[in-house]
Amino acid sequence: MIEEEEAKAISRLIERLVVRFPQFPAGTVEETVSSAHQAFEGARVRVFVPLLVEHDALMQLKELARQADLVARPGAGAPHPALRA
């Protein structure tokens, strides 16, 4: 039961973050959330895992967005790999 609820929470998280970070391909958001989720694979207490995954994924995506903003400035170079479709 908890596994099903956790999977649904992670799915909803991906949907929210795809909307919040439209500058990234959906696959980048999915990979970021999946990576954050995998970090909690061995956690024995699962009730807070979706919240912790959200925090980690959000921090990673914000950092990617910050890096992309720096790169997007004139003369800054090529776009960050996460921005490539």
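Look above for the structure.
For every chain, the first residue of the written sequence is number 1, and numbering continues from 1 along that sequence. In keeping with the model being predicted, local features are shown solely for residues with a pLDDT of at least 70 and side-chain atom pairs are shown and tallied solely at 80 or more, while totals for entire chains, interfaces and linings include all residues. Hydrogens are left out, water is left out, and the side-chain values use all remaining heavy atoms of the structure.

A. Local environment of the pattern of salt bridges. The salt bridge criterion pairs a side-chain nitrogen of Lys or Arg with a carboxyl oxygen of Asp or Glu, the two atoms within 4 Å. What the rule picks out here adds up to 4 salt bridges. One salt bridge connects Arg16 with Glu54, and the closest N-O pair in it is separated by 3.2 Å. On the criterion of sequence distance, the pair formed by Arg16 in helix α1 (residues 2-20) and Glu54 in helix α3 (residues 49-72) is long-range, its members being 38 residues apart. A run of H or I in DSSP counts as a helix once it spans at least four residues, and a run of E counts as a strand once it spans at least two, with each numbered from the N terminus.

B. Molecular detail of the nonpolar core. Among buried residues, the Ala, Val, Leu, Ile, Met, Phe, Trp, Tyr and Cys ones that are joined through side-chain atoms within 4.5 Å form a nonpolar core. Only protein chains enter the calculation, and the probe is 1.4 Å; a residue is then buried if its accessible area is under 20% of its type maximum, exposed if over 50%, and partly exposed in between. Of all hydrophobic cores here, the largest spans 17 residues; its most connected members are Leu17, Phe21, Phe24, Val29, Val33, Val53 and Leu61. Only α1, α2 (26-38) and α3 provide two or more residues apiece to this core. Looking at this core, the element that brings in the most residues is α3, giving 7 residues. Two residues qualify as a contact provided that any one of their heavy atoms is within 4.5 Å of a heavy atom in the partner residue. Every residue in contact with Val29, bar those within four places of it in the chain, is listed here: Ile14, Leu17, Val18, Phe24 and Leu61.

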